[in-house]
Amino acid sequence: LHYKLTRGINQDTSYSSSTHSMSLRILIGGGSGFVGRALTAALQKQGHTVDIISRSAKKGALTWTEIAESGLPSCDAVVNLAGANVLSPRLWTDGFKKEVHSSRIDTTKLLAKAIANSDAAPKAFVVASGVGYYQNHPFTDGITNTEDSPAGQGYMCSLAQDWEAAAKLPEGCTTRVVNVRSGVVLGKEGGAFAQMKLPFSLGLGGPLASGHQIFPWIHLDDIVGIYAHSITTAAVKGPINGVAPDIINNLQFTAAFGAALSKLLTVGGEACRNHCFCIHHVSWCCHSILTLYHCDPLDRWTFIPVPGFVLNTLLGKERAVMLLEGQRVEPTKALEVSHDG
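Residues numbered from 1 in each chain as written. Predicted model: local features only at pLDDT ≥ 70, side-chain atom pairs only at ≥ 80, totals over all residues. Heavy atoms only, no water.

A. Summary view of helix α2 (residues 34-45). Taking 1.5 Å per residue, twelve residues should reach 16 Å; α2 reaches 17 Å between its end C-alpha atoms and fits that length. When α2 is considered as a whole, its buried residues turn out to be Phe34, Val35, Gly36, Leu39, Thr40, Ala42 and Leu43. Following α2 by one or two positions, glycine 47 has its phi on the positive side, about 95°. (Helix = DSSP H or I, 4+ residues; strand = E, 2+ residues; numbered from the N terminus. Expected span 1.5 Å × (residues − 1). Buried < 20%, exposed > 50% of the residue type's maximum accessible area, 1.4 Å probe, protein only.)

B. Representation of the pairing of strand β4 (residues 77-80) in the model. By the alternation rule, side chains of β4 split into Ala77 and Val79 and Val78 and Asn80, which are all buried. Sheet topology note: the strand β1 (residues 25-29)/β4 ladder contains four bridges and is parallel. Directly across from isoleucine 26, in β4, lies its bridge partner alanine 77. Inspection of the sheet shows β4 paired to strand β5 (residues 124-130) by four bridges, in the parallel sense. Within β5, the residue paired with alanine 77 across the bridge is alanine 124. In the classification by handedness, the crossover that spans β4, the intervening helix α4 (residues 94-116) and the parallel β5 is right-handed. (Pairing = 2+ DSSP bridges. Right-handed = clockwise from strand over helix to strand, strands pointing away.)

C. Representation of the side chain of serine 230. Looking at the secondary structure, you find serine 230 in helix α7 (residues 220-232). In this structure the side chain of serine 230 is engaged in a polar contact, spanning 2.7 Å, whose partner is the backbone oxygen of isoleucine 226. Setting aside anything within four residues of it in sequence, one finds serine 230 in contact with Ala124, Val126, Arg176, Val178, Val236 and Ile240. (Polar contact = N/O pair within 3.5 Å; in protein donor to acceptor, adjacent residues only side chain to side chain. Contact = heavy atoms within 4.5 Å.)

D. Broad picture of the pattern of salt bridges. Evaluated as defined, the whole model comprises five salt bridges. Residue arginine 25 is joined to aspartate 51 by a salt bridge in which the shortest nitrogen-to-oxygen separation is 2.5 Å. Of this pair, arginine 25 sits in strand β1 while aspartate 51 sits in strand β2 (residues 49-54), placing them 26 residues apart in sequence. Between arginine 181 and glutamate 164 there is a salt bridge, with the nearest N and O atoms lying 2.7 Å from each other. Residue arginine 181 is found in strand β6 (residues 176-182), and its partner glutamate 164 is found in helix α5 (residues 155-166); the two are separated by 17 residues along the sequence. (Salt bridge = Lys/Arg side-chain N within 4 Å of Asp/Glu carboxyl O.)

E. Looking closely at the nonpolar core. Ile28, Leu39, Val79, Phe125, Ile223 and Tyr227 are the most contacted members of the largest nonpolar core, which totals 58 residues. The contacts of phenylalanine 125, once residues within four sequence positions are left out, are Val78, Thr108, Leu111, Ala112, Ile115, Ala167, Leu169, Thr175, Arg176, Val177 and Val178. Residues Leu186, Trp217, Ile248 and Phe253 belong to the second largest nonpolar core, which totals seven residues. (Core = buried A, V, L, I, M, F, W, Y, C linked by side-chain atoms within 4.5 Å.)

F. Region of interest: the confidence of the model for the chain. Considering every residue of the chain, the mean pLDDT works out to 79; 73% of them sit at 70 or more. When pLDDT is averaged over each helix and strand of the chain, the minimum, 38, is found for helix α10 (residues 286-293) and the maximum, 98, for β4. Under a pLDDT of 50 for its full length, residues 265-301 has, in the predicted model, 80 contacts with residues more than four places off or in other chains. (pLDDT = per-residue confidence, 0-100.)

G. Region of interest: the packing of aromatic side chains. As enumerated under the stated definition, the model contains four aromatic pairs in all. Seen from their ring centres, tyrosine 133 and tyrosine 134 are 5.4 Å apart, and the 80° between their planes marks the pair as edge-to-face. There is no split in this pair, since tyrosine 133 and tyrosine 134 are both buried. Sitting above the plane of the tryptophan 163 ring, arginine 104 keeps its charged end 4.9 Å from the centroid. (Phe/Tyr/Trp six-rings, centres within 6.5 Å; stacked < 30°, edge-to-face > 60°. Lys NZ or Arg CZ within 6 Å of the ring centre and 35° of its normal.)

H. How the structure looks around the packing of α4 against α5. As a packed pair, α4 and α5 sit with axes 8 Å apart at the nearest point and diverge in direction by 20°. It follows from the interaxial angle that α4 and α5 lie roughly parallel. Judged by the twist between their axes, the crossing of α4 over α5 is right-handed. Of the residues in α5, those touching α4 at Lys97, Val100, His101, Arg104, Ile105, Thr108, Lys109 and Ala112 are Tyr155, Leu159, Asp162, Trp163 and Ala166. (Axes fitted to C-alpha atoms, helices over the stretch in contact; angles between N-to-C directions. Parallel < 35°, antiparallel > 145°, perpendicular 65-115°, else oblique. Left-handed = near helix turned anticlockwise from the far one by under 90°.)

Now the structure itself:
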């Protein structure tokens, strides 16, 4: 699956390190986060120079204050991945909601203003967004969202719309803007994986409510490939969906994740690594994991379902909707790149 989505991107001559004729200087806000670290490493491997924008002064990093006071340094592209984790265990208070909003919108507005005022504007401004842009649906209703689908209604939809609106540049600005509408990013080094590992290992990682809601996800390597391609390819503009092409629901993902974790804990890490689908690749292809391990969708690692009212109580209804409802999203633009590759 991971190969299916990125092979065309990685073969594109505008992205390939063997054919790229020049090194780019790229600024990344939120570069110290899960996706940011992986993207930084990938771009540096391609021969590009990456500068991280940080909240505090660090060696080799710019600060948001410096950008606000001195403007944008000379660069070829700007990426903004900054944003507080919506699914943080913190209480869903007005203060935290404000932080979730400002950490995304205010930083994006700051970079957009700096780009607009720059004497030598960068070629690309690539900004994170989310599939929360589209309307949530509690069950599989056949509605598929592409990059051309309308925005939905609700807190998360409004947040994504505000995020993308903040990235808009004034007319006449030559910098192209890309909005990467990402699903849940999965990878063994952190992100959602790290949050789910403990409850699953304790047998508490059961399906959420009915489990029939769509679970839009993407492997870390794939989302990094989409960002890198968006940075270096002039033809990429506007929204691009960062999700896996295989659409699954929460029940299927829960069973796959639990099966892979069960294999790791009962077989042992080294032995598990000999399997093509294991704890290191559980993104990756949920249907194939189920087939490989012949596992019961509700095995001993995932047999306790989590009622919807529990999530509503713990997370607040505005956040819980992300887990209790989902969006069927298709990565139309990313697949076009793959097919062309």
